[in-house]
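Commentary on secondary and tertiary structure
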Amino acid sequence: MSHSAPNAVSRGPREWSAEQNAEIVAILARYPTKKAAIMPVLWMAQDAWEWIDLDIMRLIARTLDLPPSHVHAVASFYTMFKKAPTHRYHIQICHTLSCALVGAEKIVAHIERRLECDEHGNSKDGLFTLLRVECLASCGSAPMAQINEHFYERLTPEVVDQVIDALRAGTKLQEPRPEADQWIFPVS
Amino acid sequence: MDFPRILTGNWEVPDVHRIAVARTRGTYSRLPKALGMAPSEITALVKDSGLRGRGGAGFPTGVKWGFVPPAEKRGGKAVYLLCNADESEPGTFKDRYLMWCDPHLLIEGMIIASRALDCHLGYIYIRGEFRYIARRLDEALAEAYAAGLLGKNIQGSGHHFDLYVHVGAGAYICGEETALISSLEGERGQPKLKPPFPAVEGAWRSPTIVNNVETLAVVPWLIENGAAAYKAIGTEKSPGTKLFSVSGHVRRPGVYEVPLGIPMTQFIEEQCGGLLPGRTLKAVIPGGSSVPVMTPDEVAKCSMDYESISQNAGSYLGSGGFIVMDDTTDLVEALTNLLRFYAHESCGQCTPCREGCGWMYQILCRVRDGDANVQDLATLRDLADNIHSKTICFFGASAAMPVQSFLTKFRSEFLDRVQGRGAGAA
Ligand SMILES: Cc1cc2nc3c(=O)[nH]c(=O)nc-3n(C[C@H](O)[C@H](O)[C@H](O)COP(=O)(O)O)c2cc1C
Ligand code: SF4
Ligand code: FES
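Side note on the pairing of strand E1 (residues 89-94) of chain A
Two faces make up the sheet, and in a regular strand the side chains alternate between them. All names here are of chain A. The buried fraction of E1 amounts to 6 of the 6 residues, a majority that puts the element mostly inside the structure. Side-chain alternation along E1 places Tyr89, Ile91 and Ile93 on one buried face and His90, Gln92 and Cys94 on a second face that is also buried. For E1 and strand E3 (residues 145-147), the ladder comprises 3 bridges, and the chain directions are antiparallel. Bridged to Gln92 within E3 is Gln146.

Let's talk about the pattern of salt bridges
Residue and element names in this part refer to chain B. Evaluation of the coordinates by the stated rule reveals 39 salt bridges over all chains. One salt bridge in this structure joins Glu214 and Arg54, with 3.9 Å as the shortest N-O distance. Highlighted residues: Glu214 in helix H9 (residues 213-231) and Arg54 in the loop between helix H3 (39-49) and helix H4 (61-66), separated in sequence by 160 residues. Each member of the pair, Glu214 as well as Arg54, carries the same accessibility label: buried. Where Glu176 meets Lys194, a salt bridge forms, and the shortest distance between an N and an O atom there is 3.7 Å. On the criterion of sequence distance, the pair formed by Glu176 in the loop between strand E3 (162-167) and helix H8 (177-184) and Lys194 in the loop between H8 and strand E4 (208-212) is long-range, its members being 18 residues apart.

Some thoughts on the interface of chain A and chain B
Contacts between chain A and chain B engage 50 residues on the former and 66 residues on the latter. Here chain A packs against chain B, burying approximately 4700 Å² in sum over the two surfaces, 61% of which is carbon and sulfur. Considering only the side of chain A, the residues that lose the most area to chain B are Phe77, Leu97 and Trp183 of chain A, jointly responsible for 17% of the buried surface there. On inspection of chain A and its partner chain B, the count reaches 6 salt bridges. Salt-bridge contacts for Arg96 of chain B lead to Glu153 of chain A; the nearest nitrogen and oxygen are separated by 3.3 Å. Counting across the interface, chain A meets chain B through 30 residue pairs in polar contact (both at pLDDT 80 or more). Elements with a minimum of two residues in the side of chain A that touches chain B: helix H2 (38-49), helix H4 (68-77) and helix H5 (97-101) of chain A.

Description of the domain arrangement of chain B
Residue and element names in this part refer to chain B. You can read the domains of chain B as domain 1 (19-231), domain 2 (241-326) and domain 3 (331-418). Taken residue by residue, the interface counts 17 residues in domain 1 and 20 residues in domain 2. Together, the buried faces of domain 1 and domain 2 total about 1300 Å²; carbon and sulfur atoms form 53% of this surface. On inspection of domain 1 and its partner domain 2, the count reaches 2 salt bridges. In this structure, the salt-bridge partner of Arg52 is Glu307, at a minimum N-O distance of 2.8 Å. The tally of links between domain 1 and domain 2 comes to 11 residue pairs in polar contact (both at pLDDT 80 or more). Those elements that provide at least two residues to the side of domain 1 that touches domain 2 are helix H5 (94-101) and H9.

Quick word on the environment of Ala399 of chain B
Residues and elements named next belong to chain B. Relative to the helices and strands, Ala399 resides in helix H16 (residues 395-409). Among the residues examined, Ala399 registers a relative accessible area of 0% and is labelled buried. Put simply, Ala399 and Ser412 are 13 residues apart on the chain and 21 Å apart in space, counted from C-alpha to C-alpha. Leave out the neighbours within four places in its chain, and Ala399 touches Leu339, Tyr342, Cys357 and Met360.

Quick word on the site of ligand 1
All names here are of chain B. Among the 18 residues in the neighbourhood of ligand 1, the closest are listed as Gly55, Asn84, Asn211, Asn212 and Thr215. A distance of 3.2 Å separates an oxygen atom of ligand 1 from a polar atom in the backbone of Arg54. Contact between ligand 1 and Asn211: an oxygen atom at 2.9 Å from a side-chain N or O atom of the residue. Relative to its free-state accessible area of 610 Å², ligand 1 is covered by the protein chains to the extent of 91%. If you tally residues by element for the shell around ligand 1, the top one is E4, at 3 residues. Residues that form the shell around ligand 1 fall into these classes: 4 nonpolar, 8 polar and 6 charged.

What counts and what doesn't
- Residues numbered from 1 in each chain as written.
- Chains lettered and ligands numbered in written order.
- Predicted model: local features only at pLDDT ≥ 70, side-chain atom pairs only at ≥ 80, totals over all residues.
- Heavy atoms only, no water.
- Buried < 20%, exposed > 50% of the residue type's maximum accessible area, 1.4 Å probe, protein only.
- Helix = DSSP H or I, 4+ residues; strand = E, 2+ residues; numbered from the N terminus.
- Pairing = 2+ DSSP bridges.
- Salt bridge = Lys/Arg side-chain N within 4 Å of Asp/Glu carboxyl O.
- Contact = heavy atoms within 4.5 Å.
- Buried area = accessible area lost by both parts, 1.4 Å probe.
- Polar contact = N/O pair within 3.5 Å; in protein donor to acceptor, adjacent residues only side chain to side chain.
- Domains from an automatic or database assignment.
- Near = heavy atom within 4 Å.
- Areas by Shrake-Rupley, 256 points an atom, 1.4 Å probe, with all protein chains shown as cover.
- Nonpolar A, V, L, I, M, F, W, Y, C, P; charged D, E, K, R; others polar.

In structure tokens form, the structure reads like this:
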């Protein structure tokens, strides 16, 4: 079973907006070399255009006087630079040891069932992409998942259901922050 | 237990991430004194305090700072200060809270360090998953600039220091200091052979100091209270307090600041709230996923400091990522989980690491599934022994040590799973 994946067709050549150009000038001022601006500029491009396609890599290469192959090499090294689109809500669930010790697999199975994910993690409703990831530094409030930028911690099937229902109903993601400014997590 | 809360003292203060509140707590009050000191005096103070790096290796911070060549031997090269906020070692989550709760403490520590190092440009390299914390740091930096605490001629001292946040993008290996430097420079985040060490030749081939968030956050306290006061806390060789990130099977997982040297059993009982009802202890990983595992007997003998953990358990305090496993844990499953992590995160430069991590993971999957034999365990051991110390960076050893220690200390659990023995026998 495979649901429709987000559309990865070429979106055509790009140019920076005036605002983006100003941002690039500000970024360049922070580093001794142009090359060092590559990661911040990739982030900026991804924020604007959701994922990094070849046209964007060429634009960045031109902007920073780098060979396109270098931009490609860097973009492909780092997993958070998306080389293909994901659905609107990108659920990254941690399955590393501390999370696994307190039931991460149960939560993964629950989400997969609830969202009717295909083998690529795309949900049947076309709203979510589920991905297993390694430790996100929330091991004390495990199990946990990051949805876009927000950390959802101490997950239970009930919490997962609430979050999914809320997102499906169009509730906006909360401002990301560690859970309620708390750093000790008593187990009930 | 009475000790100063050097790192967490402000965490409960509402809005202490705003500079006005931070200043009521004394943050930035150590700057006039530090900026009035000679750079070498600051380094000497840090050396005398015995502060050791909190990122994992435990290297004495003042000694590392002392490796930066003096101005006359630098040939006009700049010195860079990099804060390692990559925090990706499984089981470690202290820096995240420190930066979120009290970003100004870190900034103050970096300003003082920059003075000691004659450094005028620094970066906080933060993992990409923490972008929301990067934004908070950016706000805090903007406040510090507006208050004249960063930039040119800080508080009229003639010292200038610019500090920026650099956001990573999802690669565990970028926490390794030479990989972090490559990444900052705009390269793929791949480690480089040492020597040269970064303190001599690092970012843009200039002397570069890389320090963990927690290490830098201690520095303001040292300026205010002096080296002797710091040495009065903890043990002789492991002075001061340390943040521990506690996860796994305890009643109160979370981040705890304690003086180094308290008994490990007491730490588990008092800070962590003990084990869950009816459970017994099976194993502890004391310093992040990369360090050797400990048995309950070793836990009973150890205290929470660098020397005790290495002498009594052949393990390391590492980053202080303290993972507790009780008797419900399948240790074969646990080790398999860790090796999946290493197989996934190897940067692929060195053959023993690239091939070996994947191979060890595959063997472990078969052991877990009851599809392996005793010879496979020998191969596993052999692979681990042949990765350790034969790679460019310490990642190889980090993957080997869990395998070596689990196989040695919990051998029967593995034997029970292989064919011809116990549960695995058809
Ligand atoms: C594979 C690997 C990953 C590492 N990850 C981190 C990390 O996430 N954070 C950190 O501070 N140090 C990490 N380190 C240690 C750094 O290389 C370096 O020793 C440390 O940042 C120095 O700071 P300190 O002296 O203040 O501890 C890692 C080392 C290795 C080999
Ligand atoms: S040991 Fe592994 S992670 Fe380190 S440089 Fe070699 S391949 Fe990369
Ligand atoms: S193991 Fe899941 S957040 Fe660390």
